[in-house]
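# Fold and geometry: a report
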Amino acid sequence: MNTTKDIISEIVALELAMFLAVPSDGQGNCQDYPESFTLHRKAQFCIWSEETLSSYLQDLQQAQKNGRNLMTIKYACIQGLIPFKNDSAVIDKIIKIKVDWQAEMIKKFPGFMARARPLDAKETKNELVSFRDYARGELETYSQKTLELLYLDCQQMVSRNINGSEAIY
């Protein structure tokens with residue numbers, strides 16, 4: 001029987017393999033720091049329910065089986081190289097919650113969050129992709145089932161007054 005920790009490890013291993021295979025122009029190459037990628041991804045998944053994690057693991061396994069690199073799609077969307085194609089209404093609902101959490105973090109911990117991604121594209125600086133656009137690119141690659149489960153996770157955290165961004169940090 002897989003534990004939540006095991007599922008997260010499987011997810012991160014699949015994501016890391018995909019991440020390292022993303023074509024890169026070499027500028028500011030974060031692919032040179034796989035341990036940093038692993039740390040950040042594990043932190044993100046620690047707030048997800050086991051059901052959501054299992055669904056996303058299935059998404060990754062199916063993508064791998066079909067020869068699709070979800071990290072390539074994610075970064076191509078984020079960088080505007082391909083259009084966003086997933087029109088699920090759940091994506092906007094999740095983004096709203098995530099942006100609210102992040103805005104609260106910026107307000108609560110301004111010094112700590114000074115180097116964080118700007119919330120919106122109009123606030124971008126130093127060529128950083130906005131928090132909103134990054135979240136959209138990430139969610140773009142999830143199946144409808146994973147999106148719906150993640151939205152439930154987010155709603156449950158909101159109802160318990162848990163800030164998901166703070167929990168991740």
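See above for the structure.
Everything numeric in this text was worked out from a predicted model, so none of it was measured.

Reading the values: rules and limits
Residues numbered from 1 in each chain as written. Predicted model: local features only at pLDDT ≥ 70, side-chain atom pairs only at ≥ 80, totals over all residues. Heavy atoms only, no water. Helix = DSSP H or I, 4+ residues; strand = E, 2+ residues; numbered from the N terminus. Buried < 20%, exposed > 50% of the residue type's maximum accessible area, 1.4 Å probe, protein only. Contact = heavy atoms within 4.5 Å. Areas by Shrake-Rupley, 256 points an atom, 1.4 Å probe, with all protein chains shown as cover. Polar contact = N/O pair within 3.5 Å; in protein donor to acceptor, adjacent residues only side chain to side chain. Salt bridge = Lys/Arg side-chain N within 4 Å of Asp/Glu carboxyl O. Core = buried A, V, L, I, M, F, W, Y, C linked by side-chain atoms within 4.5 Å.

A few words on the overall build of the protein. Scanning the protein for helices and strands turns up 8 helices and 0 strands. If you list the helices and strands of the protein from N to C, you get α-α-α-α-α-α-α-α. Within the protein, the proportion of its 169 residues that are buried is 43%. Considering only contacts within the protein whose residues lie at least 6 apart along the sequence, 73% involve residues at least 24 apart. As displayed, the protein offers around 9,800 Å² of accessible surface, 53% of which is attributable to carbon and sulfur atoms.

This next bit is on the side chain of Ser55. Looking at where Ser55 falls in the secondary structure, it is placed in helix α3 (residues 50-65). Of note is the side chain of Ser55, whose polar atom sits 2.6 Å from the side chain of Thr146. The contact partners of Ser55, leaving out residues within four places of it in the chain, are Ser143, Lys145, Thr146 and Leu149.

Before going further, it helps to examine the pattern of salt bridges. Enumeration over the complete set of coordinates arrives at 8 salt bridges. A salt bridge links Arg41 to Glu15; its shortest N-O distance comes to 2.6 Å. Placement of the pair is Arg41 in helix α2 (residues 34-45) and Glu15 in helix α1 (residues 4-20), with a sequence separation of 26 residues. Taken as a pair, Arg41 and Glu15 share a single burial class, namely buried. Close ionic contact of Lys74 with Glu138 constitutes a salt bridge, the shortest N to O distance being 2.6 Å. In this pair, Lys74 is assigned in helix α4 (residues 70-78) and Glu138 in helix α6 (residues 131-140), connecting sequence segments 64 residues apart. Of the residues examined, Lys74 reaches a relative accessible area of 1% and is grouped as buried. The exposure class assigned to Glu138 is buried, which follows from its relative accessible area of 6%. Here the salt bridges share partners, and the residues they tie into one network are Glu15, Arg41, Lys74 and Glu138.

Attention now moves to the nonpolar core. Ile11, Phe45, Trp48, Tyr56, Met71, Ile94 and Leu139 are the most contacted members of the largest nonpolar core, which totals 39 residues. Among the secondary structure elements, those contributing two or more residues to this core are α1, α2, α3, α4, α5 (89-108), α6 and α7 (144-159). It is α1 that contributes the most residues to this core, 8 residues altogether. Not counting residues up to four positions away in its chain, the partners in contact with Ile94 are Leu139, Leu147, Leu150, Tyr151 and Cys154.

Here Asn161, not a glycine, exhibits a phi torsion of approximately 60 degrees, which is positive. Given a relative accessible area of 74%, Asn161 falls into the exposed group.

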